Amino acid sequence: MVINKRNCEIINTKELYIHDDVFELLTFDRDNKKLILDLHKYYRIVENQYYRVNEKYKIIFNDVMGFTITSCDPWGSGECVFDFINVASKDYILIPDLEKRWLKTNNEIPNIRDNCIESFIEFSSGDQLRIVSKEIVIED
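Residues numbered from 1 in each chain as written. Predicted model: local features only at pLDDT ≥ 70, side-chain atom pairs only at ≥ 80, totals over all residues. Heavy atoms only, no water.

## A word on the pattern of salt bridges
Here the structure, examined in full by the defined rule, presents eight salt bridges. Of the charged contacts, one joins Glu24 and Lys56 as a salt bridge, the two residues approaching to 3.7 Å between their closest N and O atoms. One end of the pair, Glu24, is in strand 2 (residues 22-29); the other, Lys56, is in strand 4 (residues 49-69), with 32 residues separating them in the sequence. Given the relative accessible area of 38%, Glu24 is considered partly exposed. Between Arg130 and Glu118 there is a salt bridge, with its nearest N and O atoms 2.9 Å apart. With Arg130 in strand 7 (residues 128-139) and Glu118 in strand 6 (residues 117-123), the pair connects residues that are 12 residues apart, well separated along the chain. Across the pair, exposure class does not vary: Arg130 and Glu118 are buried alike. (Salt bridge = Lys/Arg side-chain N within 4 Å of Asp/Glu carboxyl O. Helix = DSSP H or I, 4+ residues; strand = E, 2+ residues; numbered from the N terminus. Buried < 20%, exposed > 50% of the residue type's maximum accessible area, 1.4 Å probe, protein only.)

Following this line, the structure appears as structure tokens:
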């Protein structure tokens, strides 16, 4: 599944349901501006029924403009995804910060708001990952 600015609302639906999936690894390839999350799904919901599965998959964020992550376990330790959200433009946090940083050394701002997605993942530990990227690929 490929997600970009045109179809990013799918993130906020049950069609892309990653709640309780186990977060295993984060890799950032700076040269290629790619952030990769390795996850493990143990349950799948079909028509409100839980089915046990054992599936590893990746979420790949392409053309990453920036990301922030916390790792302080405010709710206690936990490795599961609590929520995955497409951030509404009125709630952007990282995009305005990137624009301010860009203006410090440049006269113009790249068109981040029209071309990028700001997404947010919260974990069962209370830690958070916020990413601004042009594309998200869910890879089995």
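Right, picking up where we left off after that structure.
## Comments concerning unusual backbone geometry
Its identity as a non-glycine residue notwithstanding, Lys33 has a phi of 50°, on the positive side. Along the chain, Lys33 falls in the loop between strand 2 and strand 3 (34-46).

## Regarding the packing of aromatic side chains
Tallied over the full model, the rule gives four aromatic pairs. Here Phe23 and Phe123 contribute two aromatic rings whose centre-to-centre distance is 4.9 Å and whose plane-to-plane angle is 40°, an arrangement assigned as tilted. Taken together, the residues span a long stretch of sequence, with Phe23 in strand 2 and Phe123 in strand 6 at a distance of 100 residues. (Phe/Tyr/Trp six-rings, centres within 6.5 Å; stacked < 30°, edge-to-face > 60°.)

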